[in-house]
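# Analysis of the macromolecular model
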Amino acid sequence: MQAMSLRAMSNISWAFASLRVADGPLLESIASEAIRKLLLLPAPGDGPPQWGGAWGGHAVSILGLTEALSASGRLDGEAALVPEAAACLARYTAPLDRRGPVATREGAGGASPAGPGAPVAVELGRPSVVLERGDLCVLWKPPGWSVSVADKAKSAMLEPCDNDRCSDMEDPGAGDDFQLQNWAQQEARCRSPIARDAGASHGLVHRLDRNTSGLVLCAKSYLGYAMALMQFASRRASKEYVFLCHGHLPPSLKWIHAPILREGPARAPRSVVSPQGRHASTEVSEVAHLGAGGAGALSLVQARLHTGRLHQVRVHAASRGHPLLGDASYGGAGAA
């Protein structure tokens, strides 16, 4: 075990997590050895601020190992791993953040005049900063805006699935004028060294499909970025979706457990429910019925994802005979 690298330990942990095999003694040994290795890692060297290089590879492995152990249900038993991993990431990011901020200008990119921490009104057709807390801010992403930064290094840290922080191959955004990362670089409160670093997704912590509207977490520093990723990796952060679907979804339906298989060409993949697919779980927390029934019946649904498969909400809802309103790709009719 001592001869194994952090990347090797991360890969082995993910192999067990993907197969849903809980080898407690092995995973506990990996976590213990990982803690020892974390204490020995050097700080990053000099150079321009970027989430990359040899130390960046270590950061990827640290986050991947944390997420793999969390997916295996072993993270609580190795609670020391999370603070040690967080401290290690803080040592790495501190020099990056000390290399100088980018000059900002008030009002750039439609910035709100509201002070830090103050919620602001949302202009539905364009992005905006709706909340600011320390090293993080929350962005409003309207439909039609892509969040599709190519990031092979970060994708490698994640479960080998279709996690919402991996590249959105359905919507690569090349040549797209409506890219959230471009807007964030011009936004006064988001402009910092990390905003120019494609290797760190320009500070964007996760993604949403082009036609999905909602909130996106954006880091204003490398420290904020690393700590936010740590929250997702340890599964202490969750994402909830609200959607309209056809028909009256039964209020008794609380969970949808159905394996999802990704298929089709890389540039336009689709997902289907299939026994050959990967485990996928969606929790249905609230359901409200609209309409008396029949062809015009709709359901307003709040759901929480416990896995991150490609188009998971859309596929799971359609598999129960309730495709999302307007989602023609998965059987939903357009809005009237």
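Being a predicted model, the structure only gives us computed values, none of them experimental.

It is worth spelling out the nonpolar core at this point. In terms of nonpolar packing, the biggest core is built from 34 residues, with L6, L38, W51, I62, L63, L89 and Y225 touching the most fellow members. Counting only elements with at least two residues in this core, the list comes to α1 (6-19), α2 (24-40), α3 (53-71), α4 (81-97) and α7 (222-233). No other element matches the 8 residues that α7 contributes to this core. Built from parts of two domains, this core gets at least three residues from each of domain 1 (6-98) and domain 2 (128-234). Excluding residues within four positions of it along the chain, L89 makes contact with A59, I62, L63, A226, M227 and M230. In this structure, W183, L204, C218 and A258 belong to the second largest nonpolar core, which totals 26 residues.

It is worth spelling out the pairing of strand β2 (residues 136-141) at this point. Within β2, 5 of the 6 residues are buried, which leaves the element mostly enclosed by the surrounding structure. One ladder, built from 5 bridges, connects strand β1 (residues 128-133) with β2; its direction is antiparallel. The residue of β2 that forms the bridge with R133 is L136. Connecting β1 to the next strand, β2, in antiparallel fashion are 2 residues, including G134 with a positive phi near 55°.

By way of backbone hydrogen bonds, the strands of a sheet pair with one another, either parallel or antiparallel. Taken in spatial order, the 3 strands make up an open sheet running β1-β2-β3, and their pairing is antiparallel. Since the sheet does not close on itself, it has two edges, and those belong to β1 and β3 (214-219), each with one partner. Sheet twist, expressed as the average angle between the axes of neighbouring strands with direction ignored, equals 25°.

Let us look at the sheet that holds strand β4 (residues 240-246). Strand order across the open sheet formed by 4 strands is β4-β9-β8-β5, with antiparallel pairing between neighbours. Lying at the two open borders of the sheet, with one neighbouring strand each, are β4 and β5 (255-257). The average angle at which neighbouring strand axes cross in this sheet is 35°, direction not considered. Across 3 bridges, the pairing between β5 and strand β8 (residues 281-290) is antiparallel. By the bridge assignment for β8, W255 is matched with E283. Sitting on the sheet, helix α8 (residues 312-319) is in contact with β4, β5, β8 and β9 (298-305), with an inclination near 65° to β8.

Here we come to α2. Over its 17 residues, α2 runs 25 Å from end to end, which matches the ideal 24 Å to within 8%, given 1.5 Å per residue. Along α2, the positions that sit buried rather than exposed are G24, L27, I30, A31, E33, A34, I35, K37 and L38.

The subject of this paragraph is α8. Residue pairs spaced three or four apart in an α-helix point in one direction, given the helix's 3.6 residues per turn. Among the 8 residues in α8, 6 count as buried, and that is most of the element. Every buried residue belonging to α8 is among Q312, V313, R314, V315, H316 and A317, and all of these are buried. Looking at the buried positions of α8, the neighbouring elements they touch are β4, β5, β6 (260-263), β7 (270-273), β8 and β9. Just past α8, the residue G321 takes up positive phi, approximately 80°.

All right, on to a nonpolar patch on the surface then. Taken together, V242, L244, L290 and L300 make up a surface patch of nonpolar side chains, about 320 Å² in accessible area. With respect to the helices, strands and loops of the structure, L290 is situated in strand β8. Residue L290 is classed as partly exposed on the basis of its relative accessible area of 38%.

Another aspect to go through is the packing of α1 against α2. Packing of α1 against α2 leaves a shortest axis separation of 10 Å and a crossing angle of 155°. Relative to α2, the element α1 lies roughly antiparallel. Pair α1 / α2 crosses with left-handed handedness. For the pair α1 and α2, the contacting residues are L6, M9, I12, S13 and F16 in the first and L26, L27, I30, E33, A34, K37 and L38 in the second. In terms of residue class, the contact of α1 with α2 is made up of 9 nonpolar, 1 polar and 2 charged.

Right, let's talk about the pattern of salt bridges for a bit. Following the criterion strictly, the structure yields 4 salt bridges and no others. In this structure, E132 and K220 form a salt bridge, with 2.4 Å as the shortest nitrogen-oxygen distance. Of this pair, E132 sits in strand β1 while K220 is found in the loop between β3 and α7, placing the two residues 88 residues apart along the sequence. We classify K220 as buried; its relative accessible area is 18%.

A separate point is the confidence of the model for the protein. In this model, the protein carries an average pLDDT of 78, and 76% of its residues clear a pLDDT of 70 or more. At the level of individual helices and strands, the protein shows its lowest average pLDDT in helix α5 (residues 152-157), which scores 40, and its highest in β5, which scores 96. The model gives residues 102-116 a pLDDT under 50, and that stretch makes 30 contacts with residues more than four places away or in other chains. Scored below 50 in pLDDT, residues 150-175 shows 84 contacts in the model against residues more than four places distant or in partner chains.

Thresholds applied
- Residues numbered from 1 in each chain as written.
- Predicted model: local features only at pLDDT ≥ 70, side-chain atom pairs only at ≥ 80, totals over all residues.
- Heavy atoms only, no water.
- Core = buried A, V, L, I, M, F, W, Y, C linked by side-chain atoms within 4.5 Å.
- Buried < 20%, exposed > 50% of the residue type's maximum accessible area, 1.4 Å probe, protein only.
- Helix = DSSP H or I, 4+ residues; strand = E, 2+ residues; numbered from the N terminus.
- Domains from an automatic or database assignment.
- Contact = heavy atoms within 4.5 Å.
- Pairing = 2+ DSSP bridges.
- Axes fitted to C-alpha atoms, helices over the stretch in contact; angles between N-to-C directions.
- Expected span 1.5 Å × (residues − 1).
- Patch = residues over 30% accessible without salt bridge, like charges linked within 9 Å, V, L, I, M, F, W, Y side chains within 5 Å.
- Areas by Shrake-Rupley, 256 points an atom, 1.4 Å probe, with all protein chains shown as cover.
- Salt bridge = Lys/Arg side-chain N within 4 Å of Asp/Glu carboxyl O.
- Parallel < 35°, antiparallel > 145°, perpendicular 65-115°, else oblique.
- Left-handed = near helix turned anticlockwise from the far one by under 90°.
- Nonpolar A, V, L, I, M, F, W, Y, C, P; charged D, E, K, R; others polar.
- pLDDT = per-residue confidence, 0-100.

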